[in-house]
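These are the residues of each chain, in order.
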Amino acid sequence: MQATLSFKNSTNVRLIALQGLRHLALPLLGRVAPSLLLDWLERRFLTPERHDWPEAERAWLASAQRGSLYTVGLPVADWNFQHVQTYRWGDDGLPKVVLLHGWGGRATQLGPFIQPLLEAGYQVHALDLPGHGHSAGRRSSVLHALNAFERLIREIGPVHGVVAHSMGGGVLIKALSQGVPVQRAVLVAPNGDLGLYSRIVARMLGLSEKVRLALQQRLEWRIGVRWDEINSLNLAPSLRTPALVMHDHQDREIPHAMGESIAAAWPGARLISTAGLGHKRILKDDHVVAQTVAFLRG
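All of the points below concern the structure found in this document. Just so it is clear, the model here is predicted, and its values are computed rather than measured.

Things to note about the packing of aromatic side chains
Phase 1 of the analysis: This structure, assessed with the given rule, holds 2 aromatic pairs.
Phase 2 of the analysis: Geometrically, the ring pair formed by Trp60 and Trp89 is edge-to-face, given 6.2 Å between the ring centres and 90 degrees between the ring planes. Here the residue Trp60 occupies a position in helix H3 (residues 55-63), and Trp89 occupies one in strand S2 (residues 83-89), the gap between them amounting to 29 residues. Just as Trp60 is buried, Trp89 falls in that class too.
Phase 3 of the analysis: Taking the centre distance of 6.1 Å and the plane angle of 15 degrees together, the rings of Tyr87 and Trp89 count as stacked.

Okay, here's the thing in structure tokens:
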């Protein structure tokens, strides 16, 4: 049975800074100047935050073989032909595993997986999604991420597995539904529902459902795809790729019920629930990494 998603205790640390804007009368702005409010919200939704690299991640940057891809086929001219930074660790000729980060993240955020995967006999690939890390651009979206991920898969050839975090999980599910060849999928704290994200934002900012729906319609027009077309819960039932979903009960960004629902909707998927790791520390947990490697090895 599919789990019921609850927003009662859900917050998004990327949006904490926006909470104070409730005191700037955003609901009033929505009534007197709705187009200005929607312009501002659109920029927020399409502009990821960039973060500096901790020392541990800098070591992985230094040891990586770097490459370049370029976005193409996106619906806005300024979004095309933007540089996407790629990374590779390990020897040629080995099975390939791709690390796929989430919104506001970067490739080396999944650094704790690299050495165990190398020791298990894999070559590891990763990329900074458009508008993230060392990749170009200020704007990004699920469509940007999907475009870059699919180009990487075409570039490097057959892929044994993908380890995806947060929004990366939703991107992976959409890619699999479109026939991108991946033998095994690991999703850590996945979010594949933009409606969930937008409702969290709307609650934090005190916005009405009318404004939220107007923003959704504008973004659907901007990126050229309806949200229900990229909703993981709609897509997962059609998938046959073996999958492992891991999600923490205390995840304060994406509710545990989201991972639970994705696993329930995905035929044959296995769910592992953790406790006390949250949304980001789960990426550094030795048990989570070990379970990932074991699953990829089959």
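Some thoughts on the pattern of salt bridges
Phase 1 of the analysis: Here the structure, examined in full by the defined rule, presents 11 salt bridges.
Phase 2 of the analysis: A salt bridge links Arg222 to Glu42; its shortest N-O distance comes to 2.8 Å. With Arg222 in helix H8 (residues 209-223) and Glu42 in helix H2 (residues 34-45), this pair connects stretches of sequence that are 180 residues apart.
Phase 3 of the analysis: The class for Arg222 is partly exposed, based on a relative accessible area of 27%.
Phase 4 of the analysis: Note that Asp52 is salt-bridged to Arg58, the shortest N-O span being 2.9 Å.
Phase 5 of the analysis: Here Arg58 falls in the partly exposed class, since its relative accessible area comes to 36%.
Phase 6 of the analysis: Taken together, the shared-partner salt bridges in this structure form one network comprising Asp39, Glu42, Arg218 and Arg222.

A few points about the pairing of strand S5 (residues 159-165)
Phase 1 of the analysis: Counting buried positions along S5 gives 7 out of 7 residues, so the element sits mostly inside the fold.
Phase 2 of the analysis: In terms of strand pairing, S5 meets strand S6 (residues 182-188) through 6 bridges, oriented parallel. Residue pairing for S6: Val159 is matched across the bridge by Val182.
Phase 3 of the analysis: Handedness of the S5-helix H6 (residues 167-177)-S6 crossover: right-handed.

With respect to the side chain of Ser166
Phase 1 of the analysis: Secondary-structure assignment places Ser166 in the loop between S5 and H6.
Phase 2 of the analysis: Owing to a relative accessible area of 4%, Ser166 belongs among the buried residues under this scheme.
Phase 3 of the analysis: Here the side chain of Ser166 touches His279 through a polar contact of 3.0 Å, side chain to side chain.
Phase 4 of the analysis: Dropping the residues within four chain positions of it, Ser166 is found in contact with Gly102, Val188, Ala189, Pro190, Asn191, Ile254 and His279.

Section: H6
Phase 1 of the analysis: Among the 11 residues in H6, 10 count as buried, and that is most of the element.
Phase 2 of the analysis: Within H6 the residues assigned to the buried category are Met167, Gly168, Gly169, Gly170, Val171, Leu172, Ile173, Lys174, Ala175 and Leu176.
Phase 3 of the analysis: Where H6 is buried, its residues touch strand S3 (96-100), helix H5 (142-156), S5, S6, helix H9 (232-235) and helix H10 (256-265).
Phase 4 of the analysis: Just beyond H6, the residue with positive phi is Gly179, at close to 90 degrees.

Considering the sheet that holds S5
Phase 1 of the analysis: Strands sit in the order S1-S2-S4-S3-S5-S6-S7-S8 across an open sheet of 8 strands; the sheet is mixed. One side of each edge strand has no neighbouring strand; the edge strands of this open sheet are strand S1 (65-70) and strand S8 (270-274). Looking at each pair of strands side by side, their axes are set apart by 20 degrees on average, direction ignored.
Phase 2 of the analysis: H5 rests against S1, S2, S3, strand S4 (123-127) and S5 of the sheet, and its axis sits at about 165 degrees to S3.

Some points on the nonpolar core
Phase 1 of the analysis: Counting 63 residues, the largest nonpolar core has Val98, Leu100, Phe149, Val162, Val171, Leu172 and Trp266 as its most contacted members.
Phase 2 of the analysis: Among the elements that make up this core, the one with the highest residue count is H5 (8 residues).
Phase 3 of the analysis: Not counting residues up to four positions away in its chain, the partners in contact with Leu172 are Leu100, Phe149, Val162, Ala164, Ala185 and Leu187.
Phase 4 of the analysis: Counting 31 residues, the second-largest nonpolar core is a separate cluster that includes Trp53, Leu61, Leu99 and Val293.

Here we look at H10
Phase 1 of the analysis: Of all the 10 residues making up H10, 8 are buried; the element is thus mostly covered by neighbouring parts of the structure.
Phase 2 of the analysis: Among the residues of H10, His256, Ala257, Met258, Gly259, Ser261, Ile262, Ala263 and Ala265 are the ones counted as buried.
Phase 3 of the analysis: On its buried face, H10 is in contact with H6, helix H7 (194-205), H9, strand S7 (243-248) and S8.

A few points about the pairing of S8
Phase 1 of the analysis: Relative to S8, S7 runs parallel, the two sharing 5 bridges. By the bridge assignment, His247 is partnered in S8 with Ser273.
Phase 2 of the analysis: Assessed by its sense of winding, the connection that carries the chain from S7 through H10 to S8 is right-handed.

Rules used throughout
Residues numbered from 1 in each chain as written. Predicted model: local features only at pLDDT ≥ 70, side-chain atom pairs only at ≥ 80, totals over all residues. Heavy atoms only, no water. Phe/Tyr/Trp six-rings, centres within 6.5 Å; stacked < 30°, edge-to-face > 60°. Helix = DSSP H or I, 4+ residues; strand = E, 2+ residues; numbered from the N terminus. Buried < 20%, exposed > 50% of the residue type's maximum accessible area, 1.4 Å probe, protein only. Salt bridge = Lys/Arg side-chain N within 4 Å of Asp/Glu carboxyl O. Pairing = 2+ DSSP bridges. Right-handed = clockwise from strand over helix to strand, strands pointing away. Polar contact = N/O pair within 3.5 Å; in protein donor to acceptor, adjacent residues only side chain to side chain. Contact = heavy atoms within 4.5 Å. Axes fitted to C-alpha atoms, helices over the stretch in contact; angles between N-to-C directions. Core = buried A, V, L, I, M, F, W, Y, C linked by side-chain atoms within 4.5 Å.

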